[in-house]
Amino acid sequence: WLGALRFDNLALRSLPVDASEESGPRAVPGACFARVRPSPLQNPRLVAMSLPALALLGLEAPAADPAAAEAEAALFFSGNRVPAGAEPAAHCYCGHQFGSFAGQLGDGAAMYLGEVLGPRGERWEIQLKGAGITPFSRQADGRKVLRSSIREFLCSEAMFHLGIPTTRAGTCVTSDSRVLRDIFYDGNPKNERCTVVLRIASTFIRFGSFEIFKPPDEYTGRKGPSVNRNDIRIQMLDYVISTFYPEIQEAHSDNTVQRNAAFFREITKRTARLVAEWQCVGFCHGVLNTDNMSIVGLTIDYGPFGFMDRYDPEHVCNGSDNTGRYAYNKQPEICKWNLGKLAEALVPELPLEISQLILEEEYDAEFEKHYLQKMRKKLGLIQLELEEDSKLVSELLETMHLTAGDFTNTFYLLSSFSVDIDPSKFEDFLEELTSQCASVEELKVVFKPQMDPRQLSMMLMLAQSNPQLLALIGTKANINKELERIEQFSKLQQLTADDLLSRNKRHWKEWLEKYRVRLQKEIESVGNADAWNTERVKVMNSNNPKYILRNYIAQNAIEAAENGDFSEVRNVLKLLEHPFQEAEGFQEVKEDAEEEGAAATAAVCSQETRSKQSYCSKPPLWASELCVT
């Protein structure tokens, strides 16, 4: 089955490869790649495969013997056997992690296998993530586990089907090999299965790839492994622009500064559009370091990501992000900061005064434009583009925040609101909308104080007497957040469910009236109101997903897989391939899965009586306790 893979490894021919064959962790100066060998796993077996992703490589669904194809995929995509034509290598890059330059990082657990030519001649780099030690593994073992691999596999495909630029995932293969992982960094390690994900993208080169030339950093003292090797920087720019931005190469072939400026302008705009897409589906990346930013504008490196459930602009999905650097509302400015670091890394081939001007001219304007265009579609504002639309969106999000509304489900419900809705149906709609708001019990979990009162008291004293010492153990922002939690938690003790419902309904009525007025302006500008409404609903339903990869959905799939049942992973994958479809559409998929012998356990939205939580409902209470690091 895998004999169809046609390799043509352009990156290794175009960029310097380290001559050393030494496999252990080491500095890799003067090179973009180091050759490696995947480490075999015991008894590899397929958890799931994404046929749409594998089709990019020219692999069609195995018709004759699916079981044999699964076994072949497990053998080759675990790293136990290397496909003919593959040249395993690990990529060298650096990065600013949580704002500080970390020096050499590189592919510590991922391995470039090569580049496969697709059916239409397009080129796809394929990687094995979790295939063993590389020169960039540092103190780690080069392995990934079932838990994190399932999350990356499912989210890569979920993002693609949401229409968001992303790397893809072809297979997820687990094994009987095990490694120790301290999941919450609390001294309680757990033995977990080694698992490998096949990742697919046009390239995995990132901003940090250009930081290998960085001289010693003024704050950390760390430097890149290839300082003063501007010849390699020129090679990299030539390769990246000619391969992934050929139209720019063609337009500026006689002036490299203009070419490099046009390239930087394009990656600036792509990154701005990408983060606007994230904001519009409530996606939080979690670790927006410069080494996790794609040079072609893809979502890359799925770690402690999360889709927001209850709307909270300050939502932090990564349990290790103690300062909230990568919170949902900070993602746009962080991506801009990262572009600034890329600009620094391109000097002298692109002077900083040129790149900084491009960044200031393009980024914010492109983000705002794309964000508002997408939000108009989500609200069904398809006819007019009015200045007031930005305020309407802000007021919607403010209402969602005040009422603790579910981000995804609130947007999804809005397509069933109409200008001329009669009073009784309006009450039903309001009831449904407020059912997506957090209950008193849920809010008590959200605002439950997290610090020991004595710890808080000590930190408050330190804030007054010794701010420098406080900075070592916490921040003023953390104290303020805790004080806010205490205040909110105290108020919730007196709040009844009826009071909360009444308050939420009042907030939503106010916003829906503004929305109704705005929709009325749309109607007044068209000739056929019925045709407009049909198109409005169609546009809304293709921009507001019904299904996203919520943490609790991933967690259920992980727990089943850890017990040897991969059917839930496959089930969720099928669901996420159709994020905008009604539940009935998934029912058909579910029946197909059962015919294939998969023990499908999905609960669809129309079956509220099922003991399992439905995939499109608000998360269960236990989900708020999930912590992803």
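Residues numbered from 1 in each chain as written. Predicted model: local features only at pLDDT ≥ 70, side-chain atom pairs only at ≥ 80, totals over all residues. Heavy atoms only, no water.

- The chain is annotated in an unreviewed UniProt entry as Selenoprotein O of Rhodinocichla rosea.
- Word for word, the UniProt comment on the chain under Sequence similarities (unreviewed entry) is "Belongs to the SELO family."
- Among the UniProt annotations of the chain, the heading Cofactor (unreviewed entry) holds the following wording: "Mg(2+)". (UniProt positions renumbered as here; feature names shortened; annotations may be inferred.)

### Comments concerning the overall build of the chain
And step 1. Counting its regular elements, the chain contains 21 helices and 13 strands.
And step 2. In terms of C-alpha radius of gyration, the chain reaches 25 Å, essentially the compact-globule figure of 25 Å for 629 residues.
And step 3. With the principal axes as the frame, the chain shows a C-alpha extent of 75 × 70 × 60 Å.
And step 4. When burial is assessed residue by residue, the chain has 54% of its 629 residues classed as buried.
And step 5. Accessible surface computed for the chain: about 26900 Å², of which carbon and sulfur atoms make up 50%.
And step 6. Within the chain, one finds 69 positive and 88 negative side-chain charges whose respective centroids are separated by 3 Å. (Helix = DSSP H or I, 4+ residues; strand = E, 2+ residues; numbered from the N terminus. Rg over C-alpha atoms; globule rule 2.2 N^0.38 Å. Buried < 20%, exposed > 50% of the residue type's maximum accessible area, 1.4 Å probe, protein only. Areas by Shrake-Rupley, 256 points an atom, 1.4 Å probe, with all protein chains shown as cover. Lys, Arg positive; Asp, Glu negative; His and termini not counted. Charge placed at Lys NZ, Arg CZ, Asp CG, Glu CD.)

### Thoughts on the pairing of strand β5 (residues 94-97)
And step 1. As paired strands, β5 and strand β6 (residues 100-104) are joined by 3 bridges and run antiparallel to one another. Along β6, the bridge assignment pairs H96 with F101.
And step 2. In textbook terms, the turn of a hairpin is the stretch between consecutive antiparallel strands, and for β5 and β6 this stretch comprises 2 residues, one of which, F98, has a positive phi near 50 degrees. (Pairing = 2+ DSSP bridges.)

### Notes on the side chain of T290
And step 1. Tracing the sequence through the fold places T290 in the loop between β12 (283-284) and β13 (306-307).
And step 2. Look at T290 and you get buried, because its relative accessible area is 1%.
And step 3. When residues no more than four places from it in sequence are discounted, the contact partners of T290 are G95, H96, R206, F207, G208, E211, N338 and K341. (Contact = heavy atoms within 4.5 Å.)

### Quick notes on the pattern of salt bridges
And step 1. Inspection of every chain in the model, using the stated rule, returns 46 salt bridges.
And step 2. In this structure, the salt-bridge partner of K214 is D217, at a minimum N-O distance of 3.4 Å. Accessibility classification places K214 together with D217 in one group, the buried group.
And step 3. Each of K129, E152, R199, R206 and D301 takes part in one network of salt bridges that share partners. (Salt bridge = Lys/Arg side-chain N within 4 Å of Asp/Glu carboxyl O.)

### Structural notes on the environment of D176
And step 1. With respect to the helices and strands, the residue D176 is situated in strand β10 (residues 168-181).
And step 2. Residue classification places D176 among the partly exposed residues on the basis of a relative accessible area of 32%.
And step 3. Through-space distance from the C-alpha of D176 to that of R45 is 9.0 Å; in sequence the pair is 131 residues apart.
And step 4. The residues touching D176, leaving out its near neighbours within four places in the chain, are Q42, N43, R45 and R193.
And step 5. A distance of 3.0 Å separates a polar atom in the side chain of D176 from a polar atom in the side chain of R45. (Polar contact = N/O pair within 3.5 Å; in protein donor to acceptor, adjacent residues only side chain to side chain.)

### Quick word on the state of the cysteines
And step 1. Across all of its chains, the model carries 0 disulfides by this definition.
And step 2. The structure places no disulfide on C280, whose sulfur is separated from the nearest cysteine sulfur, that of C284, by 13 Å.
And step 3. Classification of C280 by relative accessible area gives buried; the value is 0%.
And step 4. Of all cysteine sulfurs in the structure, the one in C616 sits closest to C437, which takes part in no disulfide; the separation is 16 Å. (Disulfide = S-S within 2.5 Å.)

### Side note on helix α4 (residues 146-161)
A turn of α-helix holds 3.6 residues, and therefore any two residues three or four places apart point the same way.
And step 1. Taking 1.5 Å as the rise per residue, α4 with 16 residues should run 22 Å; its terminal C-alpha atoms sit 23 Å apart, in good agreement.
And step 2. A positive backbone phi angle near 85 degrees is found at G163, which sits one or two residues after α4. (Expected span 1.5 Å × (residues − 1).)

### Focus on the domain arrangement of the chain
And step 1. Segmenting the chain into domains produces domain 1 (2-249) and domain 2 (389-525).
And step 2. Centre-to-centre separation of domain 1 and domain 2, based on C-alpha positions: 40 Å. (Domains from an automatic or database assignment.)

### Structural notes on unusual backbone geometry
And step 1. Note that the residue after V347, namely P348, is joined by a cis bond; omega there is 10 degrees.
And step 2. Here P348 lies in the loop between α8 (331-345) and α9 (352-378).
And step 3. Of note in this structure, D301 is not a glycine but carries a positive phi near 65 degrees.
And step 4. Residue class for D301 comes out buried when judged on its relative accessible area of 11%.

### Considering the packing of helix α17 (residues 497-524) against helix α18 (residues 529-541)
The axes of two packed helices give the description: the angle between them and the distance between them.
And step 1. Relative orientation of the contacting elements α17 and α18 amounts to 125 degrees, with a least axis distance of 10 Å. Between α17 and α18, the interaxial angle falls into the category oblique. The way α17 lies across α18 gives a crossing that is right-handed. Contacts between α17 and α18 involve Y515, L519, E522 and I523 from the first element and A529, W532, R536 and M540 from the second.
And step 2. Class assignment for the residues of the contact of α17 with α18 results in 6 nonpolar, no polar and 2 charged. (Axes fitted to C-alpha atoms, helices over the stretch in contact; angles between N-to-C directions. Parallel < 35°, antiparallel > 145°, perpendicular 65-115°, else oblique. Left-handed = near helix turned anticlockwise from the far one by under 90°. Nonpolar A, V, L, I, M, F, W, Y, C, P; charged D, E, K, R; others polar.)

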